[in-house]
Amino acid sequence: MNQQFELFEIANPCIGLCQSNKKGYCFGCLRSRTERQRWHDMTTEQQREVLRLIAGRKLRIELMRLRKNEQLDFDFEEDVEMGELF
């Protein structure tokens, strides 16, 4: 079986915003501490897997932000007509 090789290396996802949250994930690239430390030692397949994980993390963050904005958009000051109870 012929193995296909990569002509171009996968670019490091670092964007230069290198600060970690409490769990060790970078705010800039969303990689874990281990993923950042091992990036240059990883195979192309391992790097692709990290990029896939990053995409999932981005999606979860966007969904959380949407839910938070939906909650903040709820207008508690709005008058709601209530029918007579008795």
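Treat the numbers as computed from the prediction; the structure is a model and nothing was measured.

The rules we used
- As a convention, each chain's residues are numbered from 1 in the sequence order in which they are written.
- With the structure being a predicted model, the display of local features is reserved for residues of pLDDT at least 70 and the display and counting of side-chain atom pairs for 80 or more, all residues being used for whole-chain, interface and lining totals.
- Note: side-chain values were computed over all heavy atoms of the structure, leaving out hydrogens and water.
- Put simply, a nonpolar core is a bunch of buried Ala, Val, Leu, Ile, Met, Phe, Trp, Tyr and Cys residues held in one set by side-chain atoms that sit within 4.5 Å of each other.
- Relative accessible area decides the class of each residue, using a 1.4 Å probe on protein chains only: under 20% of the type maximum gives buried, over 50% gives exposed, and in between gives partly exposed.
- Contacts are assigned to residue pairs that have any heavy atoms within 4.5 Å of one another.
- Secondary structure elements follow DSSP: runs of H or I of four or more residues count as helices, runs of E of two or more count as strands, with numbering from the N terminus.
- Cavities and pockets are found on a 1 Å grid laid over the protein atoms alone: a cavity is a set of points where a 1.4 Å probe fits but cannot escape, a pocket is an open set with protein on both sides within 12 Å along at least five of seven lines, and a lining residue has an atom within 4 Å of such a point.
- Grid points are joined across faces, edges and corners, and a volume is the space filled by probe spheres set on the points.
- Residues are grouped as follows: Ala, Val, Leu, Ile, Met, Phe, Trp, Tyr, Cys and Pro are nonpolar; Asp, Glu, Lys and Arg are charged; every other residue, Gly included, is polar.
- Here a helix's expected span is defined as the number of its residues, less one, multiplied by 1.5 Å.
- Pairing of aromatic rings covers Phe, Tyr and Trp, the last through its six-membered ring, and needs centres within 6.5 Å; plane angles under 30 degrees mean stacked, over 60 mean edge-to-face, and all others mean tilted.
- A ring has a charge above it when a Lys NZ or an Arg CZ is no more than 6 Å from the ring centre and no more than 35 degrees off the ring normal.
- Note that patches include only residues with greater than 30% relative accessible area and no salt bridge, and the join distances are 9 Å for like charges and 5 Å for nonpolar side chains (Val, Leu, Ile, Met, Phe, Trp, Tyr).
- Each accessible area value is a Shrake-Rupley result obtained with a 1.4 Å probe; residue values ignore everything except the protein chains displayed when judging cover.
- For this document, the term salt bridge refers to a Lys or Arg side-chain nitrogen within 4 Å of an Asp or Glu carboxyl oxygen.

Asks: Kindly report on the nonpolar core, identifying the contributing residues and their values.
Replies: Ile10, Leu30, Trp39, Met42, Val50 and Ile54 form the largest nonpolar core, which has 6 residues in total. The contacts of leucine 30, once residues within four sequence positions are left out, are Tyr25, Glu35, Ile54, Arg57, Lys58 and Ile61.

Asks: Lay out the environment of glutamate 9 in plain terms, naming residues and giving numbers.
Replies: If you trace the backbone, glutamate 9 turns up in the segment before α1 (33-38). Taking the C-alpha atoms as reference points, glutamate 9 and glutamine 47, 38 residues apart in sequence, are found 9.7 Å from one another.

Asks: Would you mind going over the layout of surface pockets in detail, with residue names and values included?
Replies: If you add up the space inside the largest pocket, you get close to 410 Å³. Taken together, 14 residues line the largest pocket, and the ones lying closest to its centre are Asn21, Leu30, Arg57, Ile61 and Met64. Its residues placed into classes, the lining of the largest pocket shows 6 nonpolar, 2 polar and 6 charged.

Asks: Please set out helix α2 (residues 44-72) residue by residue, giving values where relevant.
Replies: Across its 29 residues, α2 extends 42 Å between first and last C-alpha, which sits within 8% of the 42 Å expected from 1.5 Å per residue. Considering only its buried residues, α2 is in contact with α1.

Asks: Go over the packing of aromatic side chains with me, naming the residues and quoting the values.
Replies: Overall, the coordinates contain 0 aromatic pairs when judged by the stated rule. Lying over the aromatic face of tryptophan 39, arginine 31 brings its terminal NZ or CZ to 5.4 Å of the ring centre.

Asks: Just give me the short version of unusual backbone geometry, but keep the residues and values in it.
Replies: Its identity as a non-glycine residue notwithstanding, leucine 30 has a phi of 65°, on the positive side. Looking at the secondary structure, you find leucine 30 in the segment before α1. Since its relative accessible area comes to 12%, leucine 30 is described here as buried.

Asks: Describe in detail the environment of arginine 36, supporting the description with residues and values.
Replies: Among the secondary structure elements, arginine 36 is positioned in helix α1. Sequence separation between arginine 36 and tyrosine 25 is 11 residues; the distance between their C-alpha atoms is 9.2 Å. Discounting residues that sit within four places of it in the chain, arginine 36 has contacts with Ser20, Gly24, Tyr25, Cys26, Cys29 and Arg31.

Asks: Describe in detail a nonpolar patch on the surface, supporting the description with residues and values.
Replies: Together, Ile15, Leu17 and Phe27 make up an exposed nonpolar region whose accessible area comes to about 320 Å². Position of isoleucine 15 among the secondary structure elements: in the segment before α1.

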